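# Observations on the three-dimensional arrangement
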Amino acid sequence: MKEQFLNVFKDVTKYGTKIPKENYLMKGKYPIFDQGQEYIAGYTNEENGIYSDVPIILFGDHTRIIKYIDVPCFLGADGVKLLKAKKENANYKYLYYALCHAHIPNTGYNRHFKWLKEINIIFPSNEEQQKIAAVLDKVSELIALRKKQLEKLDELVKSRFVKMFGDPVYNSQNFPTTEFVNVVTLQRGYDLPVYNRNSGGVIPIYGANGILDYHSEAKSRNGVITGRSGTIGKVYYCEGFFWPLNTTLFSIDNHGNNVIYLAYLLQYFNLKRFYDGTGVPTLNRNIIHKKQIINIPIELQEQFANFVTKIDKQKLTIQQSLDKLEVLKKALMQQYFG
């Protein structure tokens, strides 16, 4: 049976106490929930005004983010809606998953609660709600576990890098240094209109955030890639042919260095320090090339690269399992909520 949103939920936001962002603490007695990506935005030690009628569902009016909350809490300062169930036989975890599945159009940084109020919710018996919530909880727990495993492996790689080479920004292990351009020479990528992409090829097309598409032609082989302007993300490496877009800086002139090692070196070297100008953040190659950077013997580079290769094999297995779980969850959500 389908129920209108307003027959299932009531807005109780007015009963929550909002904490200004500048008053968030890194640690504290009570969590603060806002409409941001992070589940918990911060903490407070305030006592007065804590919201304790949990469980509760939070909706980000601007971001469309939905959170299930089962602990006493405070709210972020803006754009938050707190939802309580009107029906006595409501399972909050079930309602949380139902809202997560609902289609709410993205209209930018506007308020979206008016769209949420228009949805209908399949509302079965309490027993059925509990069964569905239990199944989705189990799949969600496995997905979270796989993501945590990937995070731990990334931490392991970083730990190995620091153990072998120290902090490359401060050269904490006093390795010899040389100008950046003698280790890796960065250059701008190439234009490739959208209509020329995805032509059935297998050559990866790299943008600032990794592989965007594939192509039948290549511009480079065996190199490192990073974003050059705007939001600059990770550094990527490719052991083979690739096409770097003009939104990237890339290098195949690696002066005999290992590309896997170079990718992690540049990532931990924190290229964001070299933003040029006050407008759209842009990396200036001429500035970067003159900076000093650690100069590591190739034997040590290859030791590290072999370690990364082994870790990458483990990550691939975990990622494949994660992908299957996410497909399963999507199929279950479609089956349960239509």
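Now for a description of the structure that goes with this document. Owing to the predicted nature of the structure, the values given are computational and were not obtained by experimental measurement. (Residues numbered from 1 in each chain as written. Predicted model: local features only at pLDDT ≥ 70, side-chain atom pairs only at ≥ 80, totals over all residues. Heavy atoms only, no water.)

Strand order in the open sheet formed by four strands is 3-8-4-5, and the pairing between neighbours is mixed. Both outer strands of the open sheet, strand 3 (18-19) and strand 5 (42-44), are each paired with one neighbouring strand and no more. Strand direction decides the pairing type here: strand 4 (residues 30-33) and strand 8 (residues 74-76), joined by two bridges, are parallel. Looking across to strand 8, one finds that Ile-32 is bridged to Phe-74. (Pairing = 2+ DSSP bridges. Helix = DSSP H or I, 4+ residues; strand = E, 2+ residues; numbered from the N terminus.)

Glancing now at the sheet that holds strand 12 (residues 185-188). If you walk across this open sheet you meet the six strands as 12-17-15-16-13-14, and the pairing is mixed. With partners counted over all chains shown, the strands left at the sheet margins are strand 12 and strand 14 (210-215), one partner each. Going across the sheet, the axis of each strand differs from the next one's by a mean of 55°, ignoring polarity. As defined by bridge partners, strand 12 adjoins strand 17 (residues 248-253) across three bridges and the pair is classed as antiparallel. If you follow Arg-188 over to strand 17, its bridge partner there is Leu-249. (Axes fitted to C-alpha atoms, helices over the stretch in contact; angles between N-to-C directions.)

It is worth spelling out unusual backbone geometry at this point. Across the junction of Val-54 and Pro-55, the peptide omega takes the value 5°, indicating a cis bond. One non-glycine residue, Arg-64, lies in positive phi territory at about 65°. Within the element layout of this structure, Arg-64 appears in the loop between strand 6 (56-60) and strand 7 (66-69). Classification of Arg-64 as partly exposed rests on a relative accessible area of 31%. Of note in the backbone geometry, His-255 takes a positive phi value of approximately 55° without being a glycine. With respect to the helices, strands and loops of the structure, His-255 is situated in the loop between strand 17 and helix 5 (259-269). Accessibility expressed as a relative area gives 39% for His-255, which makes it partly exposed. (Buried < 20%, exposed > 50% of the residue type's maximum accessible area, 1.4 Å probe, protein only.)

So, about the nonpolar core. Leu-95 and Leu-99 are the most contacted members of the largest nonpolar core, which totals 71 residues. Residues within four places of Leu-99 in sequence aside, it is in contact with Phe-5, Phe-9, Ile-57, Ile-66, Leu-83, Leu-116, Ile-119 and Ile-121. Within the second largest apolar cluster, 10 residues are counted, among which are Leu-58, Ile-69, Cys-73 and Val-80. (Core = buried A, V, L, I, M, F, W, Y, C linked by side-chain atoms within 4.5 Å. Contact = heavy atoms within 4.5 Å.)

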